[in-house]
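Below are the chains, spelled out letter by letter.
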Amino acid sequence: MSTSGTSSPEHKVAPPGDLHNASAPGQRTTRSRRTLVLGSIAAVVVVLALALGLGLGLGLRHHHDNSDSSASAGASSGDDGNGIPSSLATAGTPDSSAAFLSADIINEAPTTRTYQFIVAEGRGAPDGVEKRMIVVNGQFPGPTIEANTGDRIVVNVTNNLPNATAIHWHGLFQRNTNFYDGTAAITQCGIPPGESMVYNFTFDGWMGSTWWHAHAGTQYTDGVTGALIVHAKNESVPTYDGDLAIQMADLYHGFSPDLLVLYHTPGGLEGTPGNEPVPDGGTINGVGQYGSANSSFFNVTLAPNKTYRLRLINTGSFVAMRFAVDGHVLTVIEADGTAVTPFDVSAVSVAVAQRYSVLLRTNGTAGAYWMRAALDQDAFTYDNPGVQTEVRGVLRYGVDNGTLPDVALLDNPPSLPDGSPGDLDADSLVPVGGGPAPNATFSVYFTISMQYAGGPNYLSQFLSFINSTSWEPLQGTSSLFAHLGNDTTDGSATYSDTQLVTTIDEPHVVEFIIDNLDDGDHPFHLHGHKFWIVGTGAGRYEQQALDNTAPMLRDTLVIPAYTYTILRFVADNPGFWAFHCHIQWHMAAGLLFQVNVLPSESAKFDVPQYMLDQCARAVNQ
């Protein structure tokens, strides 16, 4: 493994883990972090005081000291008493009709599609409880980008935040436009406050369902998300009559910078290091229900006796969402932009950042039915008494638009008939036309762990590690920009001890061998590529047999607690590409690794000069 920027033993080395004595993941009902006896009661007192005073809220781990920063929630002179500056504009929710995708776009000639994004703070109440948000064009979720695979996309992003931002186009290859991947501190420095940037890219054959989101700090937790749908006539999926984007997300009433500080507080939430903030609820296309605070539902009226494609996208920050529609079987046809051999399920669990397309047939009894998006409570590490664990929407056909389902079924969902399929098993996914992955020619081994950092601040922050490195965003530059113009033999650069980078200086089939030493599941995403999943299993990897008959090809997968995973991908796409956990708290704690592919080619990128100039004014979170 070729790396640059090895970790500093004094500050970054994590203690080794022991997988062989670990309990099997299936024995867990509620995940709990390892509990440590603290040397001082003061840390616990601080955590309790902060939790009581802010309702799970504090500030950024790496925020700048501008007094107007988004990290200073509740400190504004215009505070209206609930920690939300009174000057913030109200963020809206798109009408339910916005979920319907175009039936005619696929017949249009290739074209350039242009969008204007304005990123700004706002105040909104997606589930009926007012909260501080960050939104695009004043709405949550943000605008849907819908295009054909032969189109060009141009997005002018204006940043009205007090901190830098960046927009990532999840799953897209960005071949020869790595600098438009939108990953702050890796492929760009970020868009400084008050400035703009134009993202300009094509799809390079990519098709299917995905999304865009902020990739700077934890900004997307506060609302910077939207669907991105790419149509193609040659997509190998069954025909359908209608097409909808269903964006599901967990929801926090607190502002994410505040939650992040609490997450990093010595001793951890509820006195246990590594406890992630438990959400307060969730949303379906921007609408949720919290207790009696909101009785609104995302709702759609469909035509009877038709087949609809529902594109399920988890745009959340922490937990998987289980999607189902009362009384209906769903047919899985796509995962992460890969068409799969169709099969029926009763429900689909969508991990953070994953996407699935399912077909729903409106051939049941005319009426209104509950859509359900349930939060995965197995991920909760402490009790949040008020959490709304299931979000509901309404799907109807053959009845009036105002018809609602039977409220008696809200907490008593009807069972499907005997013999109906069960929930989605991701191991059942088979790519259409799939076959064996190519043999590996380059191998990288690493471990995932979450530990206290070594050194004098042992009880200060509970960090995430890949091998012995906990990632922190570079300041004043990015991995790609630091690499440009470098004179080393392979074109790579030397980074600080917070950057773990593997350089691949010629095309290879790369194999990632990953041991998850942590007691939690991690949804990992690889930028710029799709990977084949050729091996998974309990414990450490010790040369167990692989399954390479027709492995699934996707860009985001869950690596369960105390398991190994073997991935392969073709590394022929120049640039710096992140491989990271998509749980926002874990990435902010350092769970990110980079591959530097074909540095001699990326050194030739024609990066717009203004992007380089923005580095002096962008502060990464």
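Before reading on, note that the structure itself is shown above.
Since this is a predicted model, take the numbers as computed values, not measurements.

Novice: Break down the overall build of the chain for me, with residues and values.
Specialist: Looking only at helices and strands, one finds six helices and 31 strands in the chain. Residues counted as buried form 59% of the 621 residues belonging to the chain. Contacts spanning at least 24 positions in sequence make up 81% of the contacts within the chain whose residues lie at least 6 apart. If you sum the accessible surface of the chain, you get close to 22000 Å²; carbon and sulfur atoms cover 50% of it.

Novice: Quick rundown of the pattern of salt bridges? Include the residues and the values.
Specialist: The final tally for this structure, using the stated rule, is 21 salt bridges. Note that Glu108 is salt-bridged to Arg113, the shortest N-O span being 2.8 Å. For Glu108, a relative accessible area of 40% gives the class partly exposed. Arg355 is the partner of Asp336 in a salt bridge, and the nearest nitrogen-oxygen pair spans 3.3 Å. Of this pair, Asp336 sits in the loop between β15 (330-335) and β16 (338-345) while Arg355 sits in strand β18 (residues 355-361); the two residues are 19 residues apart in sequence, bridging distant segments of the chain. When salt bridges with common partners are traced through the structure, they connect Asp326, Arg372, Glu390, Arg392 and Asp411 into a single cluster.

Novice: Residue-level account of the state of the cysteines, with values.
Specialist: Taken as a whole and judged by the stated rule, the model has one disulfide. Disulfide pairing places Cys189 opposite Cys615 at an S-S distance of 2.0 Å. Taking the torsion about the sulfur-sulfur bond, which here is approximately 80°, the covalent link between Cys189 and Cys615 counts as right-handed. Here Cys189, found in the loop between β6 (167-169) and β7 (196-202), pairs with Cys615, found in the segment after α6 (609-613); they are 426 residues apart in sequence, far enough to count as distant. Of the residues examined, Cys189 reaches a relative accessible area of 2% and is grouped as buried.

Novice: Give me the lowdown on the pairing of strand β30 (residues 575-581), citing residues and values where you can.
Specialist: Buried residues dominate β30, accounting for seven of its seven residues. Every second residue of β30 is oriented toward a common face, with Gly575, Trp577, Phe579 and Cys581 on one face and Phe576, Ala578 and His580 on the other, all of them buried. The pairing of strand β25 (residues 522-526) with β30 spans three bridges and is classified as antiparallel. The partner of His525 across the bridge, within β30, is His580.

Novice: Quick rundown of the pairing of strand β31 (residues 592-597)? Include the residues and the values.
Specialist: Of all six residues in β31, six are buried; the element is thus mostly enclosed. Judged by which residues are buried, β31 turns out to be covered on both faces: Leu592, Gln594 and Asn596 on one side and Phe593, Val595 and Val597 on the other are all buried. In terms of strand pairing, strand β23 (residues 501-504) meets β31 through four bridges, oriented parallel. Across the sheet, the residue bridging to Val501 is Gln594, located in β31. Pairing between β30 and β31: six bridges, direction antiparallel. Bridging across to β31, Gly575 finds its partner in Val597.

Novice: How would you summarise the side chain of Thr556 if you had to cite specific residues and measurements?
Specialist: Within the secondary structure, Thr556 sits in strand β28 (residues 556-559). Side chain to side chain, Thr556 and His525 meet in a polar contact 3.3 Å long. If sequence neighbours within four positions are ignored, Thr556 has contacts with His170, Asp336, Val352, Ala353, Gln354, Arg355, Phe524, His525 and Phe531.

Novice: Explain the environment of Ser317 residue by residue, including any values.
Specialist: Summarising the element assignment, Ser317 is placed in the loop between β13 (307-314) and β14 (321-325). Here Ser317 falls in the buried class, since its relative accessible area comes to 2%. When the C-alpha atoms of Ser317 and Thr221 are compared, they prove to be 5.8 Å apart, with 96 residues separating the residues in sequence. Residue contacts for Ser317: discarding those within four places in its chain leaves Tyr220, Thr221, Asp250, Tyr252, Val352, His582, Ile583 and Gln584. Within polar-contact distance, the side chain of Ser317 engages the side chain of Thr221 at 2.7 Å.

Novice: Can you break down the nonpolar core residue by residue, with the values?
Specialist: Of all hydrophobic cores here, the largest spans 83 residues; its most connected members are Val332, Val348, Phe512 and Phe579. No other element matches strand β21 (residues 442-452), which puts six residues into this core. In terms of nonpolar packing, the next biggest core, distinct from the first, is built from 60 residues, Ala147, Ala164, Ala166 and Ile313 among them.

Cut-offs used in this document
- Residues numbered from 1 in each chain as written.
- Predicted model: local features only at pLDDT ≥ 70, side-chain atom pairs only at ≥ 80, totals over all residues.
- Heavy atoms only, no water.
- Helix = DSSP H or I, 4+ residues; strand = E, 2+ residues; numbered from the N terminus.
- Buried < 20%, exposed > 50% of the residue type's maximum accessible area, 1.4 Å probe, protein only.
- Contact = heavy atoms within 4.5 Å.
- Areas by Shrake-Rupley, 256 points an atom, 1.4 Å probe, with all protein chains shown as cover.
- Salt bridge = Lys/Arg side-chain N within 4 Å of Asp/Glu carboxyl O.
- Disulfide = S-S within 2.5 Å.
- Pairing = 2+ DSSP bridges.
- Polar contact = N/O pair within 3.5 Å; in protein donor to acceptor, adjacent residues only side chain to side chain.
- Core = buried A, V, L, I, M, F, W, Y, C linked by side-chain atoms within 4.5 Å.

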